[in-house]
Structure formats: structure tokens, C-alpha cells
Amino acid sequence: TFLPVDGSRVKATPVPQVALMLCSKAFYRNNERVFSPWGGLLEPIKGILNALVEGQNSVEILNEHHLKGKLDQYPIVVTPEWDYIPPAFREELIAYVKNGGQLVCVGPKSARLFQKELDVKFTGKPIDKPIWLEHKDWLGGVKGELQRVKLGSRAKAFGKVYRENDNVGPAEVAASIAKLGKGRIAGVYMACGVAYNTCRNTVLRDFLNDLVRKLHAKPVVEVEGSHLVDVSVMTKDGKLCVNLVNTAG
């Protein structure tokens, strides 16, 4: 709700576009202090949020209880590096995809919860060393866990990761996309959020946003130009409102 200068109250409603899930159950399972965000638990979702809005996506942060029964309103849902999703809601997410939804599981922990649906097999333990992400012929350094995977017949690779700052050596799969029913599910096999918050890596930003755009090909609005302009799309009084926010200062 916004309060205009004339004192009247006008309600604006977000147009469902990208739903970024803040899993309250996972937060409380891992949090050692009640109602406290300290300890870095929210850093991954902050980083992924920053990457998505700097790619001009209109993003809503929503808990699972906000999304329950309403998933079909959103063209795409992103689960950012949570190591737990309540079983009943996980099944609802799978049903959402099978009915035509698009789901992106960012990070090894999140992807592990959907191995069967992603049609991948995790091999070995996660690697926690600096890696190099290749996207559109550019290499960008990323510091975070990388999980090696073996793709099944339904899974198609998206992006490559190298152990060194050179793209001539052996590569690992950065992400994959698989059809599931009428929809698609994607997995990103490296931890991205903290890495992006630590260093605004343009390769990582473009990689995540191109993955989202591949699944969410027809957003309500597209903006070109500076990545320091955030976009939010709302309706008010029956009219579509496109809000452009200058974050460059």
C-alpha cells in the first residue's frame, strides 16, 4: 500500500512474474537464534535477488505459505539454495511443473531435493574451491560449492564450469534443464548467492538471468540498458504500472 501526497490510500498489486521462494521452514531448521537473520542464512537469497533484479526481472520474495495453492499464478519459481523444503510443498512444486510451470533450483542443496525430477545423478562430494564459469565466451570467477553431476537422457546442459581460468581444460556442467510433464525444471549446480553479493560478477549475473529467460521467455515487460535500473510491474486502478527504480544513486 502506498500513501500519495494528497493523503488518499491507493493499493497497488504486484503482477506475478518471478517468485523467489524464502523457505521459512528451512530458515528455522538452520537458524540457531529465534527470529534472527544473523549467521548468513539469508545471504544466498540476497545475492540471487540482486542478480535477478539487476537483470531487470520483476521479482517477488514469497514464503511457501504465500505460494501454497497459488503457484499456477507465477510463470516461474526460483528456489535459492535451501537445503529443505516441506515434503507436501515439494510435491506441490512438482505438480506445478508437470502442469506447465517453470522451476529453477539454484545451488547444490536446492538441486539435491529434485534430483529425480532434474534427471541428474550427483557424483562425489561438492567441491569448495574457486571455479570459473563460462557463459557467452566469457569466463567469470565464482567462489562457492560446485556439485559434479551426470546428466540423464532428459537433462540438457546449460553453461560450463572450469577449475582454472582457462576454457581449454576439462569442464563440469554448470546447470541443466529438463522437461517434466508440460513444464520444465532447471538446476544450477554451484552456489551463487554469496558469490554474487561478494563480487558483482557480470558473467554470473548474465548466466542466471539467461537461464531464467530461457524458461520465462515472455515477461510482461523487458527493459534494455543499464543494469542499475530495477523493474517492478504492478496494477493499480485497473491499469498496468511499470516502475523503474534508479539504484545507481
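Here the structure is shown first, and the text comes after it.
Parameters at a glance
Residues numbered from 1 in each chain as written. Predicted model: local features only at pLDDT ≥ 70, side-chain atom pairs only at ≥ 80, totals over all residues. Heavy atoms only, no water. Helix = DSSP H or I, 4+ residues; strand = E, 2+ residues; numbered from the N terminus. Expected span 1.5 Å × (residues − 1). Polar contact = N/O pair within 3.5 Å; in protein donor to acceptor, adjacent residues only side chain to side chain. Phe/Tyr/Trp six-rings, centres within 6.5 Å; stacked < 30°, edge-to-face > 60°. Buried < 20%, exposed > 50% of the residue type's maximum accessible area, 1.4 Å probe, protein only. Lys NZ or Arg CZ within 6 Å of the ring centre and 35° of its normal. Pairing = 2+ DSSP bridges. 1 Å grid on protein atoms, 1.4 Å probe; cavity = no way out; pocket = protein on both sides within 12 Å on 5 of 7 lines; lining within 4 Å. Points joined across faces, edges and corners; volume = space filled by probe spheres on them. Nonpolar A, V, L, I, M, F, W, Y, C, P; charged D, E, K, R; others polar. Salt bridge = Lys/Arg side-chain N within 4 Å of Asp/Glu carboxyl O. Axes fitted to C-alpha atoms, helices over the stretch in contact; angles between N-to-C directions. Contact = heavy atoms within 4.5 Å. Patch = residues over 30% accessible without salt bridge, like charges linked within 9 Å, V, L, I, M, F, W, Y side chains within 5 Å. Areas by Shrake-Rupley, 256 points an atom, 1.4 Å probe, with all protein chains shown as cover.

1. Remarks on helix 8 (residues 202-215)
For step 1, the next point in the chain: The terminal C-alpha atoms of helix 8 lie 20 Å apart, and with 14 residues this matches the ideal 20 Å at 1.5 Å per residue to within 8%.
For step 2, the next point in the chain: The backbone nitrogen of Val203 has a side-chain oxygen 2.9 Å away, supplied by the residue at the start of helix 8, namely Asn201.

2. Digging into the packing of aromatic side chains
For step 1, the next point in the chain: One pass over the full model with this rule turns up 3 aromatic pairs.
For step 2, the next point in the chain: Ring centres of Phe122 and Tyr189 lie 6.3 Å apart, and the angle between their planes is 85°; on these two criteria the pair is classed as edge-to-face. Taken together, the residues span a long stretch of sequence, with Phe122 in strand 6 (residues 120-122) and Tyr189 in the loop between strand 12 (183-188) and helix 7 (193-198) at a distance of 67 residues.
For step 3, the next point in the chain: With a relative accessible area of 11%, Phe122 lands in the buried category.
For step 4, the next point in the chain: We note Arg90 situated over the ring of Phe114; from NZ or CZ to the ring centre the distance is 5.2 Å.

3. Things to note about helix 4 (residues 87-98)
For step 1, the next point in the chain: Its 12 residues give helix 4 an end-to-end C-alpha distance of 17 Å, which sits within 8% of 16 Å, the value for a rise of 1.5 Å per residue.
For step 2, the next point in the chain: At the C-terminal side of helix 4, Gly100 shows a positive phi close to 120°.

4. Notes on the sheet that holds strand 13 (residues 229-236)
For step 1, the next point in the chain: Taken together, the 3 strands give an open sheet; going across it, the order is 1-13-14, and neighbouring strands pair in antiparallel fashion. Strand pairing shows two members of the sheet lacking a second neighbour, strand 1 (13-14) and strand 14 (239-246), which therefore form its edges.
For step 2, the next point in the chain: Pairing of strand 13 with strand 14 involves 8 bridges; the strand directions are antiparallel. Bridging across to strand 14, Thr235 finds its partner in Leu240.

5. Considering the layout of surface pockets
For step 1, the next point in the chain: Its volume calculated, the largest pocket comes out at about 430 Å³.
For step 2, the next point in the chain: Taken together, 22 residues line the largest pocket, and the ones lying closest to its centre are Pro44, Glu81, Lys109, Ala191 and Val194.
For step 3, the next point in the chain: Broken down by class, the residue content of the lining of the largest pocket amounts to 11 nonpolar, 5 polar and 6 charged.
For step 4, the next point in the chain: Computed from the structure, the second largest pocket encloses a volume of approximately 290 Å³.
For step 5, the next point in the chain: Taken together, 13 residues make up the lining of the second largest pocket; nearest its centre are Gly55, Gln56, Asp210, Arg213 and Val223.

6. Examining the pattern of salt bridges
For step 1, the next point in the chain: One pass over the structure, following the stated rule, counts 8 salt bridges.
For step 2, the next point in the chain: Note that Glu54 and Arg200 form a salt bridge whose closest N and O atoms lie 3.1 Å from each other. With a gap of 146 residues between them, Glu54 in the loop between helix 2 (43-53) and strand 3 (59-62) and Arg200 in the loop between helix 7 and helix 8 connect regions that are remote in the sequence.
For step 3, the next point in the chain: The shortest N-O distance in the salt bridge between Glu91 and Arg90 comes to 2.8 Å.
For step 4, the next point in the chain: In this structure Glu91 comes out as partly exposed when scored by relative accessible area, which is 47%.
For step 5, the next point in the chain: By relative accessible area, Arg90 is classed as buried at 18%.
For step 6, the next point in the chain: Taken together, the salt bridges that share partners define one network made up of Arg90, Glu91 and Glu117.

7. Considerations on the sheet that holds strand 3
For step 1, the next point in the chain: One open sheet accounts for 9 strands, arranged 3-2-4-5-12-11-10-7-8; its pairing is mixed. The open sheet is flanked by strand 3 and strand 8 (138-143), the only strands paired with a single partner. For this sheet, the mean inter-axis angle between neighbouring strands, taken without regard to orientation, is 25°.
For step 2, the next point in the chain: Note: strand 7 (residues 130-135) against strand 8, 6 bridges, orientation antiparallel.

8. Thoughts on the side chain of Gln147
For step 1, the next point in the chain: Residue position: Gln147 is located in the loop between strand 8 and strand 9 (149-151).
For step 2, the next point in the chain: Within the structure, Gln147 has its side chain in polar contact with the backbone oxygen of Gly124 (distance 3.2 Å).
For step 3, the next point in the chain: For Gln147, the contacting residues outside a window of four places in its chain are Pro108, Arg112, Phe122, Thr123, Gly124, Lys125, Pro126 and Tyr189.

9. Remarks on a nonpolar patch on the surface
For step 1, the next point in the chain: Taken together, Val220, Leu240, Val242 and Leu244 make up a surface patch of nonpolar side chains, about 360 Å² in accessible area.
For step 2, the next point in the chain: Position of Val220 among the secondary structure elements: in the loop between helix 8 and strand 13.
For step 3, the next point in the chain: Using a relative accessible area of 41% as the deciding quantity, one classes Val220 as partly exposed.

10. Quick word on the environment of Pro44
For step 1, the next point in the chain: The topology assignment puts Pro44 in helix 2.
For step 2, the next point in the chain: Along the primary structure Pro44 and Leu67 are separated by 23 residues, whereas in three dimensions their C-alpha atoms are 20 Å apart.
For step 3, the next point in the chain: Each residue touching Pro44, except ones within four places of it in the same chain, is listed here: Glu81, Gly193 and Val194.

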